[in-house]
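Secondary and tertiary structure notes
The primary structure of each chain is shown beneath.
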Amino acid sequence: MKRATASLLGLVLVAAGTVAACGGDDDSAGGDGGLSTSDGSVPEDVVVIDTDPAEVTALDNSFRPENIEVAAGTEVVWTNKGRNEHNVLHVEGDEWGVEVDDFQPGAVYSHTFDEAGVYRYYCSIHGTTDAGMIGTIVVTDEGRSRG
Ligand SMILES: [Cu+2]
């Protein structure tokens, strides 16, 4: 009986050790996958647009400019100036964007971004969420000065 108790105690200790090791691992692993690097990251080639509305063109299977920065409250207008149909799909976050049926050649779609943040989007016909026909709207919090 003493032997059984001892081995049971051993099992418990091993189990406890495993749990403790896991917890420590999580802490030290830090940004290894748990944190989304794509979420808040701002692309390097951002074009600052200070007009309202801000114009983005869908042409030859790319968004131009691909990455733009606007102030909160700016209306962003996408115009399909090419011969191909496209869509504008948000990667994550709020519901916005336009489906293919409503973004045929010549069509216009607009959305006003009221809250600061990094809004990534893509065309699922010519790209994926992180490659091909993609774009980013960086919305800054700076209010427009009235003076
Ligand atoms: Cu497209």
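Scroll up to find the structure this text is about.
Parameters and conventions
- Residues numbered from 1 in each chain as written.
- Predicted model: local features only at pLDDT ≥ 70, side-chain atom pairs only at ≥ 80, totals over all residues.
- Heavy atoms only, no water.
- Salt bridge = Lys/Arg side-chain N within 4 Å of Asp/Glu carboxyl O.
- Patch = residues over 30% accessible without salt bridge, like charges linked within 9 Å, V, L, I, M, F, W, Y side chains within 5 Å.
- Areas by Shrake-Rupley, 256 points an atom, 1.4 Å probe, with all protein chains shown as cover.
- Lys, Arg positive; Asp, Glu negative; His and termini not counted.
- Charge placed at Lys NZ, Arg CZ, Asp CG, Glu CD.
- Helix = DSSP H or I, 4+ residues; strand = E, 2+ residues; numbered from the N terminus.
- Polar contact = N/O pair within 3.5 Å; in protein donor to acceptor, adjacent residues only side chain to side chain.
- Contact = heavy atoms within 4.5 Å.
- Buried < 20%, exposed > 50% of the residue type's maximum accessible area, 1.4 Å probe, protein only.
- Phe/Tyr/Trp six-rings, centres within 6.5 Å; stacked < 30°, edge-to-face > 60°.

1. A short note on the pattern of salt bridges
Oppositely charged side chains can form a pair if their charged atoms are brought close together. Within the structure shown, the criterion is met by 1 salt bridge. The shortest N-O distance in the salt bridge between Asp-60 and Arg-64 comes to 3.8 Å.

2. Structural notes on a negative patch on the surface
Among the surface-exposed residues, Glu-85, Glu-99, Asp-101 and Asp-102 lie close enough to one another that they form a single negatively charged patch. The residue Asp-101 is located in the loop between β7 (97-98) and β8 (108-113) in this model.

3. What to know about the side chain of Asn-67
Note that Asn-67 resides in strand β4 (residues 67-71). Engagement of the side chain of Asn-67 in a polar contact is seen with the side chain of Thr-136, the distance being 3.0 Å. When residues no more than four places from it in sequence are discounted, the contact partners of Asn-67 are Pro-43, Asp-45, Val-46, Val-47, Gly-135 and Thr-136.

4. Some words on the side chain of Thr-79
Residue position: Thr-79 is located in strand β5 (residues 74-80). Owing to a relative accessible area of 13%, Thr-79 belongs among the buried residues under this scheme. Those residues within four positions of Thr-79 in sequence are excluded, and the remaining contacts are Glu-55, Val-56, Thr-57, Ala-58, Phe-103, Ala-107 and Val-108.

5. With respect to the packing of aromatic side chains
Tallied over the full model, the rule gives 8 aromatic pairs. Each ring, one from Phe-63 and one from Tyr-121, has its centre 4.8 Å from the other, and the planes form 65 degrees; the classification is edge-to-face. Of the two residues, Phe-63 is situated in strand β3 (residues 62-64) and Tyr-121 in strand β9 (residues 117-128); the sequence distance between them amounts to 58 residues. When its relative accessible area of 2% is taken as the criterion, Phe-63 is described as buried. Ring centres of Trp-78 and Trp-96 lie 5.7 Å apart, and the angle between their planes is 25 degrees; this geometry places the pair in the stacked category. On the criterion of sequence distance, the pair formed by Trp-78 in strand β5 and Trp-96 in the loop between β6 (88-90) and β7 is long-range, its members being 18 residues apart. Put simply, the rings of Phe-63, Trp-78, Trp-96, Tyr-109, Phe-113, Tyr-119 and Tyr-121 touch in pairs and so form one group of aromatic residues.

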